[in-house]
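A look at the structure
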Amino acid sequence: MDIIILGGGISGVSLAYFIQNFPKIKKIYILEKENKTGGLLRSYKFESIFYDVGPHIIFSKHKDILELNKKILNKNLNKIKRSNKIIYKNSKFIKYPFENELYKLPAKDKSIALNAFLNNPFKEYSPKNMNQFFLKTFGAGITNLYLNPYNQKIWKFDPSFLDTQMVERIPRPPDQDIIKSARGIKTEGYKHQLFFLYPKIGGIESLFKGYLKKLNKKVEILKKIKIENIQSKKKVIVKLSNKKIIKGDYLYSSIPLNSLEKYIKTNEKIKTSSKKLLYNSIKIIMVKIKGNVAGKNFAFMVPDPNIIFHRISKLNFLGSNYSKKNCTYFQIEITYRKNDEVDKLSKNGLKSRVIEGLKKIKFLNNNNKLMKYGVKNFKYSYVIYDLNHRSNVDNLINFYKRKKIFCIGRWGSWEYLNSDQVIFQSKKFADILKKRL
């Protein structure tokens, strides 16, 4: 049996890792359109410091996946305690998640947040969208002070038109925790992320490279591939632009779900569902600032709608290999969509807006000056869970499944999956395939 995998990111490579030793599998082809594998799990150097495509951390609720990742990375790991902040009204650092340090809010805002949580008229309703979920779970105070502004900013979409898939697993904090938070008594939220792992050197791509090194001779990776068409007959046939034909018994696709219909004979319903899938692109801004800025913290959420970026990560926090003496290295994220305000900014216009934002939050001043600046763009970054997401995605995945094409990974399955969830998903697909053999 031969297997074809579209896409050489962590989804495709981890799937190949899990299935490569199945006795009945003869060959595994991984087809990658770029000249380098890695997908969103790539790292790159800026000022000799490794940056990722957005901040990555290594943790998982799936203990088997976490142990596997630790084994893959061997000793190249630092254990780090989370220290994430929300920059509230551009001056106060509120511990993430927001509801854990209400006492730091201005007196009026603290009162609004506490009273709306304890006397919540929405808590008995069944939420139909993200906004309603926030109102039910946290009350109107926390929702309007932080949750809605931040989510509106990152998704570039009104939370009333986003479904609950992204947030439905967030538990409602106990009343006592919120009361303690308002009084200044420390509480912790999202404890499963309180400690995380990160490679000592090489950025998150070290994890990807670890899986890559574990692939055996059954796996052949073809790069700079252009697909002409895909046919599903007794076998799945992939015809490449160089006229080469690759045949497989099953095909696993991690390429963006909305682009698969370009290569396969479909119907109008599938074409329509493909066009309706929504996503955000991202600009990763890399900056080097003179001096030590922002304390011993990692990620900063920035809900202010007048500041162009939504999150900043301080790479110094990740260990000595991600910093240099008397310098701070930030990775700044800006989501955008084609032809929107951000997309239309000139290079100088973008830089000016970033500098303006850094000055507003006091990360740039006369003493802490900007020393280096760089930008990278990534088309596919965030899946948008609009109200039609589930029906459109299910239409597509079920259609392709009937053609022996299985959709995997963040973009193949069009789900907002972290790397550990992607690897867990690959293992599940491997288990299903094993039962078929």
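Look above for the structure.
Here the structure is a predicted model, which is why all the values come from computation and not from measurement. (Residues numbered from 1 in each chain as written. Predicted model: local features only at pLDDT ≥ 70, side-chain atom pairs only at ≥ 80, totals over all residues. Heavy atoms only, no water.)

1. A look at the sheet that holds strand E17 (residues 327–336)
To be explicit about the condition: The criterion for strand pairing is that DSSP finds at least two bridges linking the strands in question. Going along the chain from the N terminus, every DSSP run of H or I of four or more residues is numbered as a helix, and every run of E of two or more is numbered as a strand. Only the stretch in contact is used when a helix axis is fitted, and all axes are lines through C-alpha atoms; the angle between N-to-C directions ranges over 0 to 180 degrees.
Read from one edge of the open sheet, 7 strands run E7-E6-E15-E16-E17-E14-E18, paired in mixed fashion. With partners counted over all chains shown, the strands left at the sheet margins are strand E7 (92–95) and strand E18 (370–383), one partner each. Strand-to-strand twist across the sheet, computed as the mean angle between neighbouring axes with direction ignored, equals 25 degrees. Pairing between strand E16 (residues 311–314) and E17: 4 bridges, direction antiparallel. Residue pairing for E17: Lys 314 is matched across the bridge by Phe 330.

2. Brief notes about the packing of helix H1 (residues 10–19) against helix H6 (residues 205–213)
Condition: A clockwise turn of the near helix away from the far one marks a right-handed crossing, whereas an anticlockwise turn of less than a right angle marks a left-handed crossing. Note on contacts: a residue pair is in contact if any heavy atoms of the two residues lie within 4.5 Å. Here the nonpolar group is Ala, Val, Leu, Ile, Met, Phe, Trp, Tyr, Cys and Pro; Asp, Glu, Lys and Arg are the charged ones; every other residue, Gly included, is treated as polar.
One way to put it is that H1 packs onto H6 with a least axis distance of 9 Å and a crossing angle of 35 degrees. As H1 packs across H6, the resulting crossing turns out to be left-handed. Across from Ile 10, Val 13, Ser 14 and Tyr 17 in H1, the residues of H6 making contact are Phe 208, Tyr 211 and Leu 212. Classifying every residue of the contact of H1 with H6 gives 6 nonpolar, 1 polar and no charged.

3. As for the packing of helix H2 (residues 63–73) against helix H11 (residues 419–436)
Rule in force here: Just so you know how the angles are binned, under 35 degrees is roughly parallel, over 145 roughly antiparallel, 65 to 115 roughly perpendicular, and the rest oblique.
Contact geometry of H2 with H11 gives a least axis separation of 10 Å together with a crossing angle of 105 degrees. Here H11 runs roughly perpendicular to H2, going by the angle between their axes. The residues of H11 that touch H2, namely those facing Asp 64, Ile 65 and Asn 69, are Asp 420, Ile 423, Phe 424 and Lys 427. When its residues are assigned to classes, the contact of H2 with H11 shows 3 nonpolar, 1 polar and 3 charged.

4. Quick word on the environment of Ile 307
What counts here: Using a 1.4 Å probe on the protein chains alone, a residue whose accessible area is under 20% of its type maximum counts as buried, one over 50% counts as exposed, and one in between counts as partly exposed.
Here Ile 307 is to be found in the loop between strand E15 (299–301) and E16. A residue is classified by how much of its surface remains accessible, and Ile 307, at 2% relative accessible area, is buried. Distance in space between the C-alpha atoms of Ile 307 and Asn 90 is 9.3 Å, their sequence separation being 217 residues. Once residues lying within four places of it in the same chain are set aside, the contact partners of Ile 307 are Asn 90, Lys 153, Val 302, Gly 357, Lys 360 and Ile 361.

5. Quick word on empty space enclosed by the protein
This is how it is decided: Grid spacing is 1 Å over the protein atoms alone, the probe is 1.4 Å, and a cavity is where that probe fits but cannot get out, while a pocket is an open set with protein on both sides within 12 Å along at least five of seven lines and lining residues have an atom within 4 Å of a point. Grid points are joined across faces, edges and corners, and a volume is the space filled by probe spheres set on the points.
Overall, the coordinates contain 1 cavity of 30 Å³ or more when judged by the stated rule. Here the largest cavity is characterised by a volume of approximately 50 Å³. Lining the largest cavity, in full, are Phe 50, Tyr 51, Asp 52, Gly 54, Pro 55, His 56, Tyr 198, Phe 298, Leu 315, Leu 318 and Gln 331. Looking at the lining of the largest cavity, the element that brings in the most residues is strand E4 (residues 49–52), giving 3 residues. Its residues assigned to classes, the lining of the largest cavity comprises 7 nonpolar, 3 polar and 1 charged.

6. Quick look at the pattern of salt bridges
Heads up, the condition is: By convention in these notes, a salt bridge is any Lys or Arg side-chain nitrogen within 4 Å of a carboxyl oxygen on Asp or Glu.
With the rule as written, the count across this model stands at 17 salt bridges. Here Glu 205 ties to Lys 36 by a salt bridge, and the two come within 3.3 Å at their closest N and O atoms. With Glu 205 in helix H6 and Lys 36 in the loop between strand E2 (27–31) and strand E3 (43–46), this pair connects stretches of sequence that are 169 residues apart. Residue class for Lys 36 comes out partly exposed when judged on its relative accessible area of 36%. Several salt bridges converge on common partners, so that one network encompasses Glu 228, Lys 239 and Lys 243.

7. A few points about a positive patch on the surface
Where we set the bar: Surface patches are defined over residues having more than 30% relative accessible area and no salt bridge, joining like charges when they lie within 9 Å and nonpolar side chains (Val, Leu, Ile, Met, Phe, Trp, Tyr) when within 5 Å. Each accessible area value is a Shrake-Rupley result obtained with a 1.4 Å probe; residue values ignore everything except the protein chains displayed when judging cover. Under this rule, positive means Lys or Arg and negative means Asp or Glu; His and the chain ends count for nothing. Note that the charge is assigned to NZ on lysines, CZ on arginines, CG on aspartates and CD on glutamates.
Together, Lys 33, Lys 262, Lys 338 and Lys 379 make up a region of like positive charge exposed at the surface. Secondary-structure assignment places Lys 33 in the loop between E2 and E3.

8. A word on the environment of Leu 31
Within the secondary structure, Leu 31 is located in strand E2. Sequence separation between Leu 31 and Val 375 is 344 residues; the distance between their C-alpha atoms is 28 Å. Those residues in contact with Leu 31, other than ones at most four positions away along the chain, are Ile 4, Ile 5, Leu 6, Gly 7, Gly 8, Leu 222, Ile 225, Val 238, Leu 240 and Ile 246.

9. Quick look at the sheet that holds strand E19 (residues 405–407)
Taken in spatial order, the 5 strands of this open sheet run E9-E2-E1-E13-E19, and their pairing is parallel. Each edge of the open sheet carries a strand with a single partner, namely strand E9 (219–222) and E19. Strand-to-strand twist in this sheet, taken as the mean axis angle between neighbours without regard to direction, amounts to 20 degrees. Sheet analysis places strand E13 (residues 250–253) next to E19, joined by 3 bridges and oriented parallel. Bridged to Tyr 252 within E19 is Phe 406. On top of the sheet, H11 reaches strand E1 (2–6), E13 and E19; it is set at about 175 degrees to E13, its chief contact.

10. A short note on the side chain of Ser 14
Put simply, the test is: Whenever a nitrogen or oxygen atom comes within 3.5 Å of another N or O atom, the pair is scored as a polar contact, on the condition that within protein one atom can donate a hydrogen and the other can accept it, and that pairs from neighbouring residues in sequence are kept only if both atoms are in side chains.
Its place among the elements puts Ser 14 in helix H1. Among the polar contacts listed, one links the side chain of Ser 14 to the backbone oxygen of Ile 10, at a separation of 2.6 Å. Sequence-distant contacts of Ser 14, that is, excluding residues within four places in its chain, are made with Tyr 211, Ile 423 and Ser 426.

Such coordinate-based values are descriptive only and should not be taken to indicate function.
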